[in-house]
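Residue-level structural notes
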Amino acid sequence: MLDLYVCLRPVRWYRGVPSPVHHPEDVDMVIFRENTEDIYAGVEFKAGSAAAKQLVAWLQNKQMGKRIRWSEDVSLGIKPVSKEGTMRLVDDAIRWALKYNRRSVTIVHKGNVMKHTEGAFCKWAYEMAKTKYRKDIVTERESLILGNYDAGIKSEVDNAKLLEPGFDLMTADHKSRVLAEIKETIDNLWARMGDGVWRTKLLVKDRIMDITLQQVLTRGAEFDVIATMNLNGDYLSDALAAQVGGIGIAPGGNINYQTGHAIFEATHGTAPKYANKDVVNPGSVILSGEMMLRHLGWHTAANLIIQAMDKTIADKTVTYDFERQMEGAKKVKCSEFGKLLVSNMVLDGDP
């Protein structure tokens, strides 16, 4: 009803939180997950249903059903990815990154396999970045080309060999496209981004989804703001939460930046077996409140919550989920943790 097309998932580590990785402090990422499209749109056809059989027959008639191996009893799902939906999400991600002085925006996709859906998402994302934010951004490939030129590599062929290590093995057509890309980048960007100026711009890059799940573990500091589709964002945000203490402190917001409408909620859902026991970690819902305050422009209040969360956890006064993993920690109730947060909110020296 509200078209809350951005699922905003900030993920960061708080001092003292137990983590399964060696450097959880490298995790400080904000995920812009498209909320209305992809497989999660729910356009599915149950195996054996008349609709599924009709769709399979139509695909076979159009010579597009050859890869459906078991056509008699097969479920199907439709994966809508639109240019409009992609561009408004990436627009918001870049604008947010510029507003909060972030270093990069990474487009995460599986376009090497799903070329006309996730591949299109990546293509449209770059189109948005280079069309609307040309003065503020530099793409990763542009940065490599400009960096080579900065280093004195003036020959387009030599630049190409550094940009593409397999350049000498490429077809003539592929070589010409790479050389044209290098010439266009130098001709269009060097005058205003040369001599290292490109280093001051927001870096826009892309990564394949599966390698992203590896690199957020091994090279987390290389990721900042992430723009991705619904299913990828679901997997990625929960995997990142595990690196910084779990979904107990993973906040979330569902936002339409065009209208301002937003709903903020804990990402973990309900836990009926813990109801009325005063034991669970309230961090996720409290940090979702912090997101709401920031969305409203109440940055001082939002900063106080972050400050209090950081200090309370660092003091090792935590709920059972953290206490059982932290050496020397003191277990407190949910309500007690909340009171400690309030006591640790200090503004200009005054509680």
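For the structure itself, consult the block above.
These lines cover the structure that appears in this document, whether it is placed above or below. (Residues numbered from 1 in each chain as written. Predicted model: local features only at pLDDT ≥ 70, side-chain atom pairs only at ≥ 80, totals over all residues. Heavy atoms only, no water.)

**As for the sheet that holds strand β1 (residues 6-12)**
Across the sheet, which stays open at both edges, the eight strands sit in the order β6-β7-β5-β8-β2-β1-β9-β10 with mixed pairing between neighbours. Pairing within the sheet leaves two strands with one partner each, and these edge strands are β6 (137-139) and β10 (262-266). This sheet shows a mean twist of 25 degrees between the axes of neighbouring strands, independent of strand direction. Relative to strand β8 (residues 225-228), strand β2 (residues 28-34) runs parallel, the two being bridged by four bridges. Looking at the pairing, Val30 lines up with Val225 of β8. Docked against the sheet, helix α2 (residues 83-99) engages β1, β2, β5 (104-109), β6, β7 (202-208) and β8, running at close to 160 degrees with respect to β2. (Pairing = 2+ DSSP bridges. Helix = DSSP H or I, 4+ residues; strand = E, 2+ residues; numbered from the N terminus. Axes fitted to C-alpha atoms, helices over the stretch in contact; angles between N-to-C directions. Contact = heavy atoms within 4.5 Å.)

**A look at the environment of Gln325**
Relative to the helices and strands, Gln325 resides in the loop between α11 (320-323) and β12 (330-331). A C-alpha to C-alpha distance of 47 Å links Gln325 and Asp73, two positions 252 residues apart in sequence. In terms of polar contacts, Gln325 uses its side chain to reach the backbone carbonyl oxygen of Asp321, at 2.9 Å. (Polar contact = N/O pair within 3.5 Å; in protein donor to acceptor, adjacent residues only side chain to side chain.)

**Considering helix α6 (residues 172-193)**
The terminal C-alpha atoms of α6, which comprises 22 residues, lie 30 Å apart, in line with the 32 Å expected from a rise of 1.5 Å per residue. Of all the bends in α6, the greatest measures close to 35 degrees and is centred on Asp187. Within the sequence span of α6, burial applies to Val178, Ile182, Thr185, Ile186, Leu189 and Met193. Tucked into the core, α6 has its buried residues touching β6, α4 (140-150) and α5 (156-163). Where α6 terminates, the next one or two residues include Asp195, which has phi positive at roughly 55 degrees. (Expected span 1.5 Å × (residues − 1). Bend = angle between axes of the 7 residues up to and from the residue. Buried < 20%, exposed > 50% of the residue type's maximum accessible area, 1.4 Å probe, protein only.)

**Regarding the packing of helix α7 (residues 209-218) against helix α8 (residues 230-243)**
For the pair α7 and α8, interaxial distance at closest approach is 11 Å and the crossing angle is 15 degrees. When the interaxial angle is binned, α7 and α8 end up roughly parallel. The two elements α7 and α8 meet at a crossing, and its hand is right-handed. Contacts between α7 and α8 involve Met209, Thr212, Leu213, Val216 and Leu217 from the former and Asn232, Tyr235, Leu236, Ala239, Leu240 and Gln243 from the latter. Tallied by class, the residues present in the contact of α7 with α8 amount to eight nonpolar, three polar and no charged. (Parallel < 35°, antiparallel > 145°, perpendicular 65-115°, else oblique. Left-handed = near helix turned anticlockwise from the far one by under 90°. Nonpolar A, V, L, I, M, F, W, Y, C, P; charged D, E, K, R; others polar.)

Nothing here speaks to function; it is all geometry.
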